[in-house]
Amino acid sequence: MPVLYLVEQGATLRKDNQTFVVSKDRKVLQKVPVTKVEQVVVFGNINLTTPVINYLLDQGIDCVFCSRTGKYHGRLFSTESRFGLLRQEQFRATCNETLKVALARQMVFGKLSNARTLLMRYAREGEGMDLHAAVDGLQESIDRLHQARDVASIQGIEGYASTLYYAAFRSVLKQDLGFRVRQRRPPRDPVNSLLSFGYTLLVYGVQAAIRTVGLDPFLGFLHSTEYSKPSLALDLMEEFRPVIVDSVVLRVVNNRILTGKDFEPSQERGGMVRLTGEAIKTFLHHYEERVQTEVIDPNTKTRATYRRCFELQARQIARVISGKQPLYRPFLVK
């Protein structure tokens with residue numbers, strides 16, 4: 001269990017020797033060896049004892065705090081850093097327009113290629129009516145990337161291709177849960193709610209991998225650098241969106257693991273739809289199962305979990321901006 005998800009409201013996480021213990025009302029809910037935890041994600045009203053906080057800081061274990069529904073609040077991490085020189089190189093790289101364009105192009109290439117592969121799988125199975133047109137459209141967008149000369153042009157290509165992709169994504173859903181277009185803020189139907197929640201989990205995992213490597217998650221290449229925006233994490237997660245989140249959403253929807261009764265309207269924002277408490281646990285189980293799946297990393301040709309691949313890709317970025325590798329190679333599935 002590399003990620004310890006804490007979702008039981010009113011629970012407490014404490015440390016007993018070399019074990020994390022989750023309890024509520026004097027009842028033990030879960031025990032996990034501390035050596036197996038690489039990240040902690042806290043949803044809502046959950047207490048962490050001081051020994052737990054000290055241990056997380058001492059061991060450099062990322063701890064993310066968010067609302068009960070997954071809205072990001074902040075994270076706990078040690079202020080110590082051994083990567084000053086690497087971050088200097090990263091800053092210089094963000095000011096190098098040629099390098100920025102090269103990295104952004106490859107990241108979007110990875111995203112669109114993996115999205116196309118996902119649709120092709122469903123097309124071969126005869127799912128959906130418009131998949132072949134969408135597959136062709138994505139390929140045309142991929143071909144256009146080679147002609148893009150600035151980040152804005154790459155973003156425009158990515159935006160157009162994403163519209164094609166989500167229109168086709170709708171056609172392979174086997175439940176009509178009201179999904180028509182990709183809508184983020186707020187997600188107004190169950191499928192958009194699942195996608196948004198899944199992408200939030202993905203950015204947590206990618207950001208942790210980036211910090212492990214020593215890069216600054218707030219200095220990106222494809223996404224703009226803005227206050228409190230983890231631009232590099234958003235960059236790196238692009239190629240994993242179809243592979244991780246979209247695949248999990250299709251699984252839980254098409255197999256009716258989650259249905260309309262697992263969602264409720266939220267009081268946080270008008271029109272927002274969110275998962276119920278038990279449904280959150282169900283989705284987290286399937287998401288974690290996916291990221292813990294072992295695959296052959298296409299770049300190193302070694303076996304690794306998808307979560308480990310986040311770090312391998314981040315290390316590639318570090319090598320590219322340090323001049324040790326000429327071209328970033330995105331994570332591609334077949």
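Everything discussed here concerns the structure shown above.
Cut-offs used in this document
- Residue positions within a chain follow its written sequence, with the count starting from 1.
- Only residues with pLDDT of at least 70 are given local features in this predicted model, and only at 80 or more are side-chain atom pairs given and counted; all residues enter the totals for whole chains, interfaces and linings.
- Heavy atoms throughout the structure, all of them, feed into the side-chain values; hydrogens and water do not.
- For helices the rule is a DSSP run of H or I covering at least 4 residues; for strands it is a run of E covering at least 2, with both sets numbered from the N terminus onward.
- Burial classification: accessible surface area is computed with a 1.4 Å probe over protein chains only, and a residue below 20% of its type maximum counts as buried, one above 50% as exposed, and the rest as partly exposed.
- By definition, residues are in contact when any of their heavy atoms lie within 4.5 Å.
- The method behind every accessible area is Shrake-Rupley, applied with a 1.4 Å probe, and residues are considered shielded solely by the protein chains displayed.
- To get an axis, fit a line to the C-alpha atoms, keeping to the stretch in contact for a helix; angles then go from 0 to 180 degrees between the N-to-C directions.
- When an angle is under 35 degrees it counts as roughly parallel; over 145 it counts as roughly antiparallel; between 65 and 115 it counts as roughly perpendicular; any other value is oblique.
- Helix crossings get a hand from a simple test, with the near helix turned counterclockwise from the far one by less than a right angle marking a left-handed crossing and a clockwise turn marking a right-handed one.
- Throughout this entry, Asp, Glu, Lys and Arg are counted as charged residues, while Ala, Val, Leu, Ile, Met, Phe, Trp, Tyr, Cys and Pro are counted as nonpolar. The remaining residues, Gly among them, count as polar.
- Within this document, salt bridges are pairs made up of a side-chain nitrogen of Lys or Arg and a carboxyl oxygen of Asp or Glu, the two lying within 4 Å of each other.
- When DSSP finds at least two bridges between two strands, those strands are taken to pair.
- The rule is simple: put a 1 Å grid over the protein atoms alone, call a set of points where a 1.4 Å probe fits but cannot get out a cavity, call an open set with protein on both sides within 12 Å along at least five of seven lines a pocket, and count a residue as lining if it has an atom within 4 Å of a point.
- Grid points are joined across faces, edges and corners, and a volume is the space filled by probe spheres set on the points.
- By this rule the span expected of a helix is its residue count minus one, scaled by 1.5 Å.
- Pairs of N or O atoms within 3.5 Å make up the polar contacts considered here, provided that, within protein, one atom can donate a hydrogen while the other can accept it, and that residues adjacent in sequence are counted only when both atoms are side-chain atoms.

**Q** Help me understand the overall build of the protein chain in this model?
**A** Across its full length, the protein chain carries 10 helices and 12 strands. Along the longest, intermediate and shortest principal axes, the C-alpha atoms of the protein chain span 60 × 50 × 40 Å. Within the span of the protein chain, comprising 334 residues, buried residues form 55% of the whole. If you take every contact in the protein chain between residues at least 6 apart in sequence, the share linking residues at least 24 apart comes to 61%. Entry remark: accessible area of the protein chain is about 15,900 Å², with carbon and sulfur atoms responsible for 49%.

**Q** Sorry if this is basic, but what is going on with the packing of helix 3 (residues 97-124) against helix 10 (residues 306-321) here?
**A** To describe two helices that pack against each other, one gives the angle between their axes and the distance between the axes. Across the interface, helix 3 lies against helix 10 with an axial gap of 12 Å and an inter-helix angle of 155°. In this view, helix 3 runs roughly antiparallel relative to helix 10, as classed from their interaxial angle. Read as a crossing pair, helix 3 and helix 10 show a hand that is right-handed. Here L99, L103 and M107 of helix 3 come into contact with helix 10, specifically with I317, V320 and I321. For the contact of helix 3 with helix 10, a count of residues per class yields 6 nonpolar, no polar and no charged.

**Q** Can you walk me through the pattern of salt bridges in this structure?
**A** Oppositely charged side chains can form a pair if their charged atoms are brought close together. All told, the structure shown has 15 salt bridges when counted by the stated rule. When the shortest N-O distance is used, the salt bridge between E289 and R251 registers 3.1 Å. Placement of the pair is E289 in helix 9 (residues 277-291) and R251 in helix 8 (residues 241-254), with a sequence separation of 38 residues. Between D262 and K261 there is a salt bridge whose closest N-O contact spans 3.8 Å. Relative accessible area serves as the criterion here: at 12%, D262 is assigned to the buried category. The class for K261 is exposed, based on a relative accessible area of 71%. Look at the salt bridges and you will find they share partners, linking E8, K24, E278 and K281 into a network.

**Q** Just checking my understanding: could you explain the sheet that holds strand 1 (residues 3-6) for this structure?
**A** Paired through their backbone hydrogen bonds, the strands of a sheet run either parallel or antiparallel. Spatial strand order, 1-5-7-8: 4 strands in an open sheet with mixed pairing. The open sheet has two edge strands, strand 1 and strand 8 (72-76), and neither has a second partner. Strand-to-strand, the axes of this sheet are offset by a mean angle of 15°, without reference to chain direction. Both strand 1 and strand 5 (residues 39-43) contribute to a ladder of 4 bridges, which runs parallel. Residue pairing for strand 5: L6 is matched across the bridge by V42. Its contacts with the sheet put helix 6 (residues 190-213) on strand 1, strand 5, strand 7 (62-66) and strand 8, and the angle it makes with strand 5 is roughly 145°.

**Q** What should I look at first to understand the layout of surface pockets in this one?
**A** Regions of empty space are outlined by a rolling probe, equal in size to a water molecule, passed over the atoms. Taken as a whole, the largest pocket spans an internal volume of roughly 1,600 Å³. Along its surface, the largest pocket is lined by 47 residues, and R182, R184, R185, T200 and L234 are the ones closest to its centre. For the lining of the largest pocket, the secondary structure elements donating two or more residues are strand 8, helix 5 (151-171), helix 6, helix 7 (231-237) and strand 10 (273-275). If one sorts the elements of the lining of the largest pocket by residue count, helix 6 sits on top with 8 residues. Of the residues assigned to the lining of the largest pocket, the class counts are 19 nonpolar, 13 polar and 15 charged.

**Q** How should helix 6 be read in this particular structure?
**A** Count 3.6 residues to each turn of an α-helix, and residues three or four apart come out pointing the same way. Across its 24 residues, helix 6 extends 35 Å between first and last C-alpha, which sits within 8% of the 34 Å expected from 1.5 Å per residue. For helix 6, the tally of buried residues reaches 22 of 24 residues, placing the bulk of the element in the interior. Where helix 6 begins, one side-chain oxygen reaches toward the backbone nitrogen of V191, 3.1 Å away; that side chain belongs to D189. Looking one or two residues beyond helix 6, the residue adopting positive phi is G214, at roughly 110°.

**Q** Sorry, what's going on with helix 3 here?
**A** Given a rise of 1.5 Å per residue, 28 residues ought to cover 40 Å, and the 40 Å separating the end C-alpha atoms of helix 3 matches this to within 8%. In terms of burial, helix 3 is a largely internal element, 20 of the 28 residues being buried. Residue N96 occupies the N-cap position of helix 3, its side-chain oxygen lying 3.1 Å from the main-chain nitrogen of T98.

**Q** Explanation requested: empty space enclosed by the protein in the structure shown.
**A** One pass over the full model with this rule turns up 3 cavities of 30 Å³ or more. If you add up the space inside the largest cavity, you get close to 60 Å³. Forming the walls of the largest cavity are K111, L112, A115, L138, A161, S162, Y165, Y166, Y199, R241, P242 and D246. Looking at the lining of the largest cavity residue by residue, the classes come out as 8 nonpolar, 1 polar and 3 charged. Size it by volume and the second largest cavity reaches roughly 40 Å³.

**Q** Could you clarify how one ought to interpret unusual backbone geometry in this entry?
**A** Generally, phi is negative for residues other than glycine and the peptide bonds are trans, each holding for most cases. One non-glycine residue with positive phi stands out, namely N17, at about 55°. Within the secondary structure layout, N17 lies in the loop between strand 2 (12-16) and strand 3 (19-24). When its relative accessible area of 62% is taken as the criterion, N17 is described as exposed. One non-glycine residue, R26, lies in positive phi territory at about 65°. You can see R26 is positioned in the loop between strand 3 and strand 4 (27-33).

These results come straight from atomic positions and should not be treated as a statement about function.
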